[in-house]
Amino acid sequence: MLDNFNIPKKNGYQFRGLNKNKKSSTGVSLLYFPVEAGVGNQWDDIEQFELLDACPYLGGFIDIYR
């Protein structure tokens, strides 16, 4: 997947990077770290969301990242 795009913002989260992920239709997930109260889980794990191949690029929650 070769394309230029803006990393989507997610309210209450900070973007942390990209990761290979077989559960994503594009094979890539976006990693986000919770930075506000009330988002994420009790351990503040980094979360993976599907990278879509069309705007808005941010898909659904896939899993936590460890």
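The shown structure was predicted, so the numbers you read here are calculated from the model rather than taken from an experiment. (Residues numbered from 1 in each chain as written. Predicted model: local features only at pLDDT ≥ 70, side-chain atom pairs only at ≥ 80, totals over all residues. Heavy atoms only, no water.)

A. Just the packing of aromatic side chains, in detail. One pass over the full model with this rule turns up 4 aromatic pairs. Ring centres 6.2 Å apart and planes at 80° place the aromatic pair Y13 and F49 in the edge-to-face group. Of the two residues, Y13 sits in strand β1 (residues 13–20) while F49 sits in strand β3 (residues 46–51), which places them 36 residues apart along the sequence. The buried category is assigned to Y13, whose relative accessible area is 15%. With a centroid separation of 5.6 Å and 70° between ring planes, the pair formed by F49 and F61 is classed as edge-to-face. Of this pair, F49 sits in strand β3 while F61 sits in strand β4 (residues 58–65), and the two are 12 residues apart along the sequence. The rings of Y13, F15, Y32, F49 and F61 are connected pair by pair, giving a single aromatic cluster. Sitting above the plane of the F33 ring, R16 keeps its charged end 4.4 Å from the centroid. (Phe/Tyr/Trp six-rings, centres within 6.5 Å; stacked < 30°, edge-to-face > 60°. Helix = DSSP H or I, 4+ residues; strand = E, 2+ residues; numbered from the N terminus. Buried < 20%, exposed > 50% of the residue type's maximum accessible area, 1.4 Å probe, protein only. Lys NZ or Arg CZ within 6 Å of the ring centre and 35° of its normal.)

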